[in-house]
Amino acid sequence: MNKTQPKLTIALLAAGQASRFGSPKQLAKYQGKTFIERSIALLDSIECEPLIITGAHHTVINEYLSSVSKGSYAFFNQDWQQGMSSSIKAAVRQCPDNCDGVMFITVDQIQLTQADIQSLIDLWHKDISSIVCAEYAGHRGVPAIFPKQYFPKLLELQDDKGARNLIKSSPNVKVVSLPNAELDIDTLKQLNELNALHIHP
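These numbers come from a predicted model, not from an experiment. Sequence order as written defines the numbering, with residues in each chain counted from 1. The predicted nature of this model means local features are confined to residues of pLDDT at least 70 and side-chain atom pairs, given and counted, to a pLDDT of 80 or more, with totals for whole chains, interfaces and linings taken over all residues. No hydrogens and no water enter the side-chain calculation; it runs on all heavy atoms of the structure.

A. Representation of the sheet that holds strand S4 (residues 49-54) within the structure. A pair of strands is treated as paired once DSSP finds two or more bridges between them. A run of DSSP states H or I qualifies as a helix once it reaches four residues; a run of E qualifies as a strand once it reaches two. Both are numbered from the N-terminal end. Taken in spatial order, the 7 strands make up an open sheet running S5-S4-S1-S6-S8-S7-S9, and their pairing is mixed. A single partner strand is all that each edge strand has here, and the edge strands are strand S5 (74-76) and strand S9 (173-177). Here the average twist between neighbouring strands, direction ignored, is 30 degrees. Whether two residues are in contact is decided by their heavy atoms: any pair within 4.5 Å suffices. Interaxial angle, 0 to 180 degrees, is taken between N-to-C directions of lines fitted to C-alpha atoms, where a helix line uses only the stretch in contact. Sitting on the sheet, helix H3 (residues 84-94) touches strand S1 (8-14), S4, S5 and strand S6 (101-106), and the angle it makes with S4 is about 140 degrees. Contacting S1, S6, strand S7 (131-136), strand S8 (139-147) and S9, helix H4 (residues 114-126) runs over the sheet at an angle of about 50 degrees to S8.

B. Representation of unusual backbone geometry. In the segment running from valine 142 into proline 143, the intervening peptide bond is cis, with an omega of 0 degrees. The topology assignment puts proline 143 in strand S8. Its identity is not glycine, yet glutamine 31 carries a phi of approximately 55 degrees, on the positive side. One can find glutamine 31 in the loop between strand S2 (29-30) and strand S3 (33-34). Buried means the residue's accessible area, taken with a 1.4 Å probe over protein chains only, is under 20% of the maximum for its type, while exposed means over 50%, and partly exposed covers the values in between. Among the residues examined, glutamine 31 registers a relative accessible area of 37% and is labelled partly exposed. Here alanine 137, not a glycine, exhibits a phi torsion of approximately 50 degrees, which is positive. Mapped onto the fold, alanine 137 is located in the loop between S7 and S8.

C. Just the side chain of lysine 89, in detail. Within the element layout of this structure, lysine 89 appears in helix H3. By the counting scheme adopted, Arg and Lys are positive, Glu and Asp are negative, and His together with the chain ends is not counted. One speaks of a salt bridge when a side-chain nitrogen belonging to Lys or Arg is within 4 Å of a carboxyl oxygen belonging to Asp or Glu. One buried charged side chain, lysine 89, makes no salt bridge at all; its nearest oppositely charged neighbour is aspartate 79, positioned 7.3 Å away. With residues up to four places along the chain from it excluded, the contact list for lysine 89 reads Leu154, Leu155, Leu157 and Gln158.

D. Geometry of the pairing of S7. With respect to burial, S7 is a largely interior element, 5 of its 6 residues being buried. Of the strand pairs in this sheet, S7 and S9 are connected by 5 bridges, and their pairing is parallel. Opposite alanine 134, over in S9, you have valine 176 as the bridge partner. Counting the residues between successive antiparallel strands, the hairpin from S7 to S8 contains 2 residues, one of them, alanine 137, with a positive phi of roughly 50 degrees.

E. Examining helix H2 (residues 58-67) more closely. Regarding H2, the residues found buried are His58, Ile61 and Leu65. Looking down the long axis of H2, one finds its buried residues gathered within 75 degrees of arc, a one-sided arrangement. Opposite the buried face of H2, at more than 90 degrees from it, the exposed residues are Thr59, Glu63 and Ser67. Contacts from the buried residues of H2 go to S1, helix H1 (35-44), S4 and S5. The arc under discussion is defined with respect to the helix axis, by the directions toward the C-beta atoms.

F. Representation of the side chain of aspartate 108 within the structure. Positionally, aspartate 108 belongs in the loop between S6 and H4. For aspartate 108, the side chain forms a polar contact with the side chain of lysine 25, separated by 2.9 Å. Polar contacts, as counted here, are pairs of nitrogen or oxygen atoms within 3.5 Å of one another; within protein the pair requires one atom able to donate a hydrogen and one able to accept it, and residues that are adjacent in sequence qualify only if both atoms are side-chain atoms. In terms of polar contacts, aspartate 108 uses its side chain to reach the side chain of threonine 106, at 3.0 Å. For aspartate 108, the contacting residues outside a window of four places in its chain are Lys25, Phe35, Leu183, Asp184, Ile185 and Asp186.

G. Expanded view of the nonpolar core. If you look at the biggest cluster of nonpolar residues, it comprises 38 residues, and the most contacted ones within it are Ile10, Ile36 and Ile117. Residue assignment for this core shows that the elements contributing at least two residues are S1, H1, H2, S6, H4, S7 and helix H7 (188-199). The residues touching isoleucine 117, leaving out its near neighbours within four places in the chain, are Ile10, Leu42, Ile46, Met103, Ile105, Leu112 and Pro143. By nonpolar core is meant a set of buried Ala, Val, Leu, Ile, Met, Phe, Trp, Tyr and Cys residues that side-chain atoms within 4.5 Å join together. Counting 25 residues, the second-largest nonpolar core is a separate cluster that includes Cys99, Val102, Phe104 and Phe146.

What follows is the structure in structure tokens.
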């Protein structure tokens, strides 16, 4: 039985200005690797159509991606100032016609593992008409997979809240408990403290 797996695009959202961080957060280092390098390695280990959405720091990120031979799937979201919803919409517009769904993951969720991402995909494969999302700290959010029938609603999103309200309002949502998704790095202080913990366990 050679049943073809549903085609999934994974969109890495890396368009933010990172104003609280003070520099391009996407190129900050954790455990010796840049955030975006860690995310790419995560996606490379999974069978998917990867797509990196850049924005505020597109030029420097694209140069970096080119230097590590990954520039071919970076896409510039020229509306990045309109918040996360604009990156979600940019990703949906870049999804190939034959794709069955899209997963959104953010570049600063640096503790996510391959097993975390795969657990979401495995659950989605059981019912590709359902939204599958992470649950952590009492919230539902990204990483999250949206089937193709939700693309029109994703294209209607506004502001910086992303797709959280769409998850809340949808009747067919499955969740995976992912404690690793809770940490997203907002400040350099936060990252320095985390790196210090890694160096001095």
